[in-house]
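# Descriptive structure summary
Here is what each chain is made of, one letter per residue.
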Amino acid sequence: MYTFFIIYFVHVIWAYLKGVNYTYPDFGTFIFHVVLGSIFTISLGHFLKSLLPKKRLFIPVLFTGSLLLVIFIRYRYRFGSSANLAVFFDNFELLFNPEGMKTASGKLKSKDYLIALIVATSASSITAFKYKVLKNKLIGLLSFSVVLSFIHLYPIQNSETLSVSRTAYEYFFPRNFKGENYQKYLKAGPKKVTISPITNELPHLFLILLESYSHSYIGKKTLEGKEITPTLNRLMRDHTYIPHYYSPTIQTVKAQYSILCSKVPLIKGKASYQLDKIRFNCAPKFLNKLGYETFFYKSYQDMTFDNTDQFAKKIGFKHVEVAPLERLTTEEKKTTLWGWGPQDDISYKLFLDRSLELSNNKPVFSVMTTVSHHMNFNKVPDRLKYLFPNPKSKTENFQNSLHLSDLYLQTFLDEMKARGLDQNSLIFITADHSYPSGEHGNHNSELGAWEENFRIPMVVLGPKYLLPKINPELVYSHYDLLPTILSAAGYSGEISSIGESMYVKNENSPTPLIQPYDGLKIRFPMGETSYVWSASADKTNTIETDPNEKIIDSKDGRKQVQNLLDFTFAELELSKN
């Protein structure tokens, strides 16, 4: 009954002495939170005991609860923020995928799980040896009321039990943040833009989605003077480069929905799993009608991962395939298959070969997702660790992996030229999403709504008449890709789109960047500044957009951002109709 309290009390004392980043203005506040946390955990124990009065039911629940609680505590210690159950609920299916499970479990170290197992085993064994039935139903009812009140009010910052419970509560019972303009946007229907063709020709269209490619390191060097992203550095000088470009989300399949359909990524769940509830008028369907052969290519071998195969087919791709490993030689299979799939240079060759085969004298719209630079960024073979042969930190692992991904991009460019595709193709080189690597002390994409969570590169290559005229002062994003691609493909007409064609964009438009976890945060980039709204506190900060990012004004931000929130929530609702 008092197991959770004991774990909690030991934790807060350890955390206080260890300096784990719970922020207390003074010692009195610390004591106040300890008292509140003690009340909550004791009440939770009483409630579970009254709910499960039989020993054979209570002991397994106690073991599981203790195990998870210690894991959550260790998560806080490792990442500096409480775990969020919304991540678990949104990505539950991935737990049945080997790579997904490895990625999730790899966030903690082996000793964290060992500590949790020892504590849970000890707690359940002692309780099983000395078990008493709680017969007072009134205590059970009162304890449930206390637990529910704490979850609703959330007054304690050092209780991981409460923090995690709160995230589950908010996931299933979200608050209503809609304002007075929500109904106006709802009645107006999805945002629409008019597309005008820029050419009568049908160029090949290539879209390269680099996995987790952060903008933070473009143009940067290591302390030894080595360029981290030499290929991107050269491309941004020689071709059309968009300095302020963003992915609206922090996950691949959510990003693909915005890229190909110009829709706000879902806050709860993923579009790929909600195929029958969401309207899909996306790039492949339009381009099929224009005479294109549409091809979605995935480097990772499991096309069912995050329901990608069904999603890609549903939105209209004629061909949905993974990298054909049977085309590799025996030696290539031995040396180039590591991490989540074939290394990117090999995958680029396979992708372009297959694109040409499918073309058959027709224009192609070919989309490729790379895989070499994938979390947890520690799978690079020793022989390919060019920046840091002996990495000593997560950041050095990340930079090794990013550097290799960047070098392999040169292979794509060389292979395009070798096949003669560089003369009649419009090529978009960007990332599915970004990933933080130590900026603001964070190595977890599921935390924060900083620039490094969303800002990515975008380079456009092709014949001069096909290249968009970019205003370097404006904000662009994946929302703008669909209308831009359709303009380049000769489409004429009106479409539903959050973004605008890069060929005609002359002012910033609403660009919601969704952090669906970490209590739900939405960032609205405005150029030199950004609004960041946090649902958990219902507060908006105005942040100066620079490498350090500091809050410059937080007094009136909530009122200023409400119209943008109304637009975002209305578009999310309209996408279901």
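What comes next concerns the included structure. All chains use their own residue numbering, which begins from 1 and follows the written sequence. Local features in this predicted model are restricted to residues of pLDDT 70 or higher, and side-chain atom pairs are both shown and tallied only at a pLDDT of 80 or more, whereas totals for entire chains, interfaces and linings draw on every residue. Side-chain descriptors were evaluated using all non-hydrogen atoms of the structure, hydrogens and water having been removed beforehand.

Put simply, DSSP marks the helices as runs of H or I at least four residues long and the strands as runs of E at least two long, and each gets a number from the N terminus on. Expected span of a helix: the number of residues minus one, times 1.5 Å. Taking 1.5 Å per residue as the helical rise, helix α15 (residues 344–359) with its 16 residues ought to reach 22 Å, and the 22 Å between its terminal C-alpha atoms agrees with that figure. If you check which residues of α15 are buried, you get Asp-344, Asp-345, Ile-346, Ser-347, Tyr-348, Leu-350, Phe-351, Leu-352, Ser-355, Leu-358 and Ser-359. Remark: Asn-360 follows α15 within two positions and exhibits a positive phi of approximately 50°. Residue exposure (1.4 Å probe, protein chains only): buried if accessible area is under 20% of the type maximum, exposed if over 50%, otherwise partly exposed.

By definition, two strands form a pair when at least two bridges between them are found by DSSP. Pairing in this open sheet of 7 strands is mixed, and the strands run β3-β11-β10-β2-β9-β5-β6 from one edge to the other. Both edges of this open sheet fall to β3 (240–241) and β6 (319–322), since each of them pairs with a single strand only. In this structure, strand β10 (residues 425–431) lies alongside strand β11 (residues 458–461), joined through 4 bridges in antiparallel fashion. Opposite Ile-429, over in β11, you have Val-459 as the bridge partner. For this analysis, residues touch if any pair of their heavy atoms sits within 4.5 Å. Here an angle of 0 to 180 degrees is reported between the N-to-C directions of two axes, which are lines fitted to C-alpha atoms, with helices fitted over the stretch in contact. Along the sheet, helix α10 (residues 230–238) makes contact with β2 (204–210), β3, β10 and β11, crossing β11 at roughly 60°.

The alternating pattern of β11 places Met-458 and Val-460 and Val-459 and Leu-461 on opposite faces, both of which are buried. Bridge analysis of β3 against β11 gives 2 bridges, and the strand direction is antiparallel. Residue pairing in the sheet places Thr-240 in a bridge with Val-460 of β11.

Tracing the sequence through the fold places Leu-62 in helix α3 (residues 55–79). C-alpha of Leu-62 to C-alpha of Tyr-245: the two residues are 183 residues apart in sequence and 48 Å apart in space. Every residue in contact with Leu-62, bar those within four places of it in the chain, is listed here: Thr-3, Phe-4, Ala-123, Ser-124 and Thr-127.

Once that is clear, we can look at a nonpolar patch on the surface. Two distance rules govern patches: like charges are joined within 9 Å, and nonpolar side chains (Val, Leu, Ile, Met, Phe, Trp, Tyr) within 5 Å, applied only to residues with over 30% relative accessible area and no salt bridge. What sets the accessible areas is the Shrake-Rupley method with a 1.4 Å probe; for residues, cover comes only from the shown protein chains. Any carboxyl oxygen of Asp or Glu within 4 Å of a side-chain nitrogen of Lys or Arg constitutes a salt bridge here. A cluster of nonpolar side chains, namely Phe-9, Ile-13, Tyr-16, Leu-17, Phe-27, Ile-31, Val-35 and Ile-39, defines an oily patch on the protein surface of about 730 Å² accessible area. Mapped onto the nonpolar patch, the elements with two or more residues apiece are α1 (3–18) and α2 (27–51). The topology assignment puts Val-35 in helix α2. The exposure class of Val-35 is partly exposed, given its relative accessible area of 43%.

This part takes up the sheet that holds strand β18 (residues 551–553). Two orientations exist for strands paired in a sheet by backbone hydrogen bonds: parallel and antiparallel. Within the open sheet, the 5 strands sit side by side as β14-β15-β16-β17-β18. Their pairing is antiparallel. Two strands in the sheet have a free side with no partner beyond their single neighbour: β14 (513–515) and β18. Across the sheet, the mean angle separating the axes of adjacent strands is 35° when strand polarity is ignored. Of the strand pairs in this sheet, strand β16 (residues 529–534) and strand β17 (residues 539–544) are connected by 6 bridges, and their pairing is antiparallel. Along β17, the bridge assignment pairs Thr-529 with Glu-544. Running at roughly 75° to β16, helix α19 (residues 557–574) makes contact with β14, β15 (521–525), β16 and β17 of the sheet.

For the rest of this paragraph, the subject is α10. Turning to α10, its buried residues are Pro-230, Thr-231, Leu-232, Asn-233 and Leu-235. Here the buried face of α10 lies against β2, α16 (394–418), β10 and β11.

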